[in-house]
Amino acid sequence: MRDTSSTDLRRYMVYGSRFRSYKCNKFVYPDASKIQRIIVPPEKEKWEVPWHEYNPPKYNSELLKSKAFADPDIPNINFKPRWNSKDGKINRISFLGRYKIINGYPINPQKRTGLRGRGVFSRWGPNHATNLIVTRWKRNNGLKQYHDTTKKPILQFISIKRRDCEEWALPGDIIKDGEKVLNALKRKFMEEVLDILDKNRNNVPYLEIRVNNTFRKGTIVYKGYADDPRNTDNSWLETVAAHFHDKIEKSGIESLFLSAGDDATNMNLRIPEFIRL
């Protein structure tokens, strides 16, 4: 356990991204369909490796077919997206560079996943999301608390337990079409951590002031591919992770009662252990 900074967080995220992804290698796709991927051996994950027998099943969630905000299924003669570009308010640009289009389908630039189609994502190709790293020093009666062994200040961060997979995660969400990243981060924090959807509406201005105090200045620590169990060969998640440190004891996050909301079942302030690089 150690003191950390935005630089340490950035190095930690980059270091972690080098590991082989495993969440999108789960055999059963994570929704009610119970559709099964084919198993992709590690040595055949990269598209550059020939695999002529590769023919995974295709899955497009039926729930999205009636949604006006979602891309239609492919093929569709009326669907003419601008791949690798800003398509009106829709951002179809990948952080990983230009992705290939084969037979009208965007191709996951990271790996084979054992499943074709759009899955449960609303977009073919990259689906952009945000993740929040909100930290503060652990205090007792206003005084910083220090670790018994390292003698360094103890850093806490906010984490939530998701309803869909029962796993602990950083607060985050898909960015809405045309939405700025900072606005998406603040919106999701209000929804997911402050439970704004169930709060008395009279408290909203008070909460927004506190959140704006904390979110005045942040540091982007990661932009890129996200290992997600919903990823497919043709739709995948990419994220922007930003770090905000709460330095304001009486008018920032320190002054708020945190509660879980939206798609979170629980909320906790955790003490992170960072890898020494």
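About the thresholds
Residues numbered from 1 in each chain as written. Predicted model: local features only at pLDDT ≥ 70, side-chain atom pairs only at ≥ 80, totals over all residues. Heavy atoms only, no water. Helix = DSSP H or I, 4+ residues; strand = E, 2+ residues; numbered from the N terminus. Buried < 20%, exposed > 50% of the residue type's maximum accessible area, 1.4 Å probe, protein only. Contact = heavy atoms within 4.5 Å. Areas by Shrake-Rupley, 256 points an atom, 1.4 Å probe, with all protein chains shown as cover. Phe/Tyr/Trp six-rings, centres within 6.5 Å; stacked < 30°, edge-to-face > 60°. Polar contact = N/O pair within 3.5 Å; in protein donor to acceptor, adjacent residues only side chain to side chain. Salt bridge = Lys/Arg side-chain N within 4 Å of Asp/Glu carboxyl O.

Draft legend 1. Spotlight on the overall build of the protein chain. If you tally the helices and strands in the protein chain, you get three helices and 15 strands. Here the protein chain holds 277 residues, and 44% of them are scored as buried. Residue pairs in contact within the protein chain that sit at least 24 positions apart in sequence constitute 69% of those at least 6 positions apart. Split by element, the accessible area of the protein chain, about 15,400 Å² in all, is 50% carbon and sulfur.

Draft legend 2. Representation of the packing of aromatic side chains within the structure. Under the defined criterion, the tally for this structure stands at six aromatic pairs. Where Y29 meets Y59, the ring centres are 5.6 Å apart and the plane angle is 65°; that geometry is what we call edge-to-face. A residue pair is termed long-range when its members are at least 10 positions apart, and Y29 in the loop between α1 (6-17) and β1 (58-60) and Y59 in strand β1 qualify at 30 residues. By the burial criterion, Y29 is buried, and Y59 matches it. Judged by centre distance (4.9 Å) and plane angle (40°), the rings of W51 and Y54 are tilted. Comparing W51 with Y54, the two get one shared label, buried.

Draft legend 3. Inspection of the side chain of N231 at higher detail. When you line up the elements, N231 lands in the loop between β13 (219-225) and β14 (235-245). A distance of 3.1 Å separates a polar atom in the side chain of N231 from a polar atom in the side chain of Y225. Looking at N231, its side chain comes within polar contact range of the main-chain nitrogen of L237, at 2.9 Å.

Draft legend 4. Fine view of the environment of I102. Mapped onto the secondary structure, I102 falls in strand β4 (residues 101-102). Residues I102 and N234, spaced 132 residues apart in sequence, show a C-alpha to C-alpha distance of 9.9 Å.

Draft legend 5. The pattern of salt bridges, seen in detail. Using the criterion set out here, one finds nine salt bridges in the structure. Note that D73 and R118 form a salt bridge whose closest N and O atoms lie 3.5 Å from each other. Here D73 is found in the loop between β1 and β2 (86-87), whereas its partner R118 is found in strand β6 (residues 116-119), with 45 residues between them in sequence. Assessed through its relative accessible area of 0%, R118 is described here as buried. R230 is paired through a salt bridge with D228; the nearest N and O atoms lie 2.7 Å apart. By relative accessible area, R230 is classed as partly exposed at 25%. One network of salt bridges, in which partners are shared, links D71, D87, R92, R123 and D177.

Draft legend 6. Fine view of the side chain of E45. Along the chain, E45 turns up in the loop between α1 and β1. Classification of E45 as buried rests on a relative accessible area of 7%. Here the side chain of E45 touches K111 through a polar contact of 3.3 Å, side chain to side chain.

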